[in-house]
Amino acid sequence: MALNVGCAARPGKARKNKTGSWRVFRPVFESEQCTKCGMCALVCPEGCVIETEEGEFVPDYEYCKGCGICAEVCPKKGIRMEQEEK
Amino acid sequence: MLQITEGSHAVAEIAKFCRPQVVAAYPITPQTHIVEALADMVANCELDAEYITVESEFSALSACLGASAAGSRVYSATTSQGLALMFEVCFNVAGMRQPIVMSIVNRSLGAPLSIWNDQQDSISLRDSGWLQFYAEDNQEATDLHMIAYKVAEDHDVLLPAFVCFDGFILSHTYEPVDMPSQEEVDAYLPAFTPYHRLDAKDPISMGMYATPDYYMEFRYELERAMQRSIDVIKRAGAEFAEQFGRDYSALVESYRLDDAEIAFIAMGSICGTVKDAIDEMRDAGKKVGLAKIRTYRPFPTEELTRALAGVSTVAVLDKNISLGSGGAVGTEVKAMLAGSGITVLDYIIALGGRDVRKRDIAAIVDLADKGVGDMFYGLRTEVL
């Protein structure tokens, strides 16, 4: 996408701002340890841990800023923070 | 029509003919006569513009930025401390790519307080993304305003522009100026076509934030626009020459540089004195010339290098000092000519209104002959 001259932008919702690019550490969800307690989704400050139809919890990397709170609270220690390669 | 007029009034007159729709400025010596005259013109219905009175230069340029973003052609003028107060807004105007034209009536910066001329004010904004034109006389100051609007508003450029001319030396001096008519200016300078504009029915925001993923690319785009402006300036100068007969198609004006051994580099009104001094030295058999820089930003590296081919010594006259390094122009010329074998000597002169006469120019040639430079010229050592 080419840059807009003068950094001009149309109005939009925060959804348009893909904050995933800010991330330094990426949460990696290891589903085999997951008991589907949902704590990760509950504490995510960005609301970007999504429950799938199968009841799995997955992060939305387009918006996840990598704060690591989900990894901290996961009672099974089933979320691993990995450094992003940029 | 040829008329005898004060520099400030000539600039106010041409600003009017450029048909700005919004003027916002705060009076400050030695710019005051320009904005007084424009305020009169608006009050007398000679100029159909919104004149926004403000409480500071920060507000003046902020009002200009908003007006320009809304799609108006905008004019302002300031100097010295006033420009310093605009510092933050200057960077925003350039970053938002608003083609505002502002006259800078060059004056020194405090402290100590000084209302007199040097070029420290505009030079200190060299990295802000504004085009910078410097005028030698009031005719050039007048003409450069038309060219500045034409270049700034070109969609290949979209950068704001300073038209700089020396405080008092030009602004308060009466000179003959060939003032074009409104019709002539209209023929040269078409109405402003904004690239995009604020519109409540189709809203946009400008200068939105950029994360580390994008910021560098926006700065790169600014630099590219600066580089593209070189050709646009040449074209606008050539069109001007065709219509008005005065040629500003070169970013650097060469004066008696053919076969010159010593070349001066200077900007602004001092070039007149240098030219007269050169004529006298040439009569005495001294091979001296001048490369006058008309656009300091973009810096005319290519033209200047070409103009100086063949000289052995370059004497740069800097009416500014980048404290801790040297004169701003001299530093750039040294970088430009590194490895060329040409000796570059820098002279800090005329700070805070110190007079420079023809005999000073001749004395600098004598110093350059001896290889003595990179110094303040004309210091009163008895008070140090």
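Calculation notes
Residues numbered from 1 in each chain as written. Chains lettered and ligands numbered in written order. Predicted model: local features only at pLDDT ≥ 70, side-chain atom pairs only at ≥ 80, totals over all residues. Heavy atoms only, no water. Helix = DSSP H or I, 4+ residues; strand = E, 2+ residues; numbered from the N terminus. Rg over C-alpha atoms; globule rule 2.2 N^0.38 Å. Buried < 20%, exposed > 50% of the residue type's maximum accessible area, 1.4 Å probe, protein only. Contact = heavy atoms within 4.5 Å. Salt bridge = Lys/Arg side-chain N within 4 Å of Asp/Glu carboxyl O. Buried area = accessible area lost by both parts, 1.4 Å probe. Nonpolar A, V, L, I, M, F, W, Y, C, P; charged D, E, K, R; others polar. Polar contact = N/O pair within 3.5 Å; in protein donor to acceptor, adjacent residues only side chain to side chain.

Caption draft 1: Summary view of the overall build of chain A. Within chain A, the regular secondary structure consists of two helices and four strands. If you list the helices and strands of chain A from N to C, you get β-α-β-β-α-β. In terms of overall size, chain A is more extended than a compact globule, its C-alpha atoms giving a radius of gyration of 15 Å where 86 residues would be expected to give roughly 12 Å. Looking at chain A as a whole, 31% of its 86 residues qualify as buried. Of the contacts made within chain A by residues no fewer than 6 positions apart, 67% connect residues no fewer than 24 positions apart.

Caption draft 2: Region of the structure containing the pattern of salt bridges. Residue and element names in this part refer to chain B. All told, the structure shown has 33 salt bridges over all chains when counted by the stated rule. E136 is paired through a salt bridge with K292; the nearest N and O atoms lie 2.8 Å apart. Placement of the pair is E136 in the loop between β6 (131-134) and α7 (138-153) and K292 in strand β11 (residues 288-293), with a sequence separation of 156 residues. Note on accessibility: E136 and K292 belong to one class, buried. The salt bridge involving K319 is made with D166; its shortest N-O contact spans 3.6 Å. Placement of K319 in the loop between β13 (313-318) and α12 (328-336) and of D166 in strand β7 (residues 161-166) is noted, with a sequence separation of 153 residues between them. Given a relative accessible area of 4%, K319 falls into the buried group.

Caption draft 3: Summary view of the interface of chain A and chain B. Between chain A and chain B, the contact holds 12 residues from the first and 20 residues from the second. When the buried area of chain A at its contact with chain B is split by residue, A:L3, A:V5 and A:C7 rank highest and sum to 43% of it. Where chain A packs against chain B, one counts one salt bridge. Among the salt bridges present, the one from B:D202 reaches A:R10, with a minimum N-O distance of 2.7 Å. Residue composition of the side of chain A that touches chain B, grouped by class: seven nonpolar, four polar and one charged.

Caption draft 4: Examining the side chain of B:Q119 more closely. Residues and elements named next belong to chain B. Relative to the elements of secondary structure, Q119 occurs in the loop between β5 (101-106) and α6 (120-123). From its side chain, Q119 meets the backbone oxygen of M267 in a polar contact 3.2 Å long. If near-sequence neighbours (up to four positions away) are discounted, Q119 is found in contact with N106, Y134, D166, M267, G268, K319 and N320.

Caption draft 5: Quick peek at the environment of B:S124. All names here are of chain B. By the element assignment, S124 lies in the loop between α6 and β6. Sequence spacing of S124 and D154 is 30 residues, and the spatial spacing of their C-alpha atoms is 25 Å. Discounting residues that sit within four places of it in the chain, S124 has contacts with F87 and L109.

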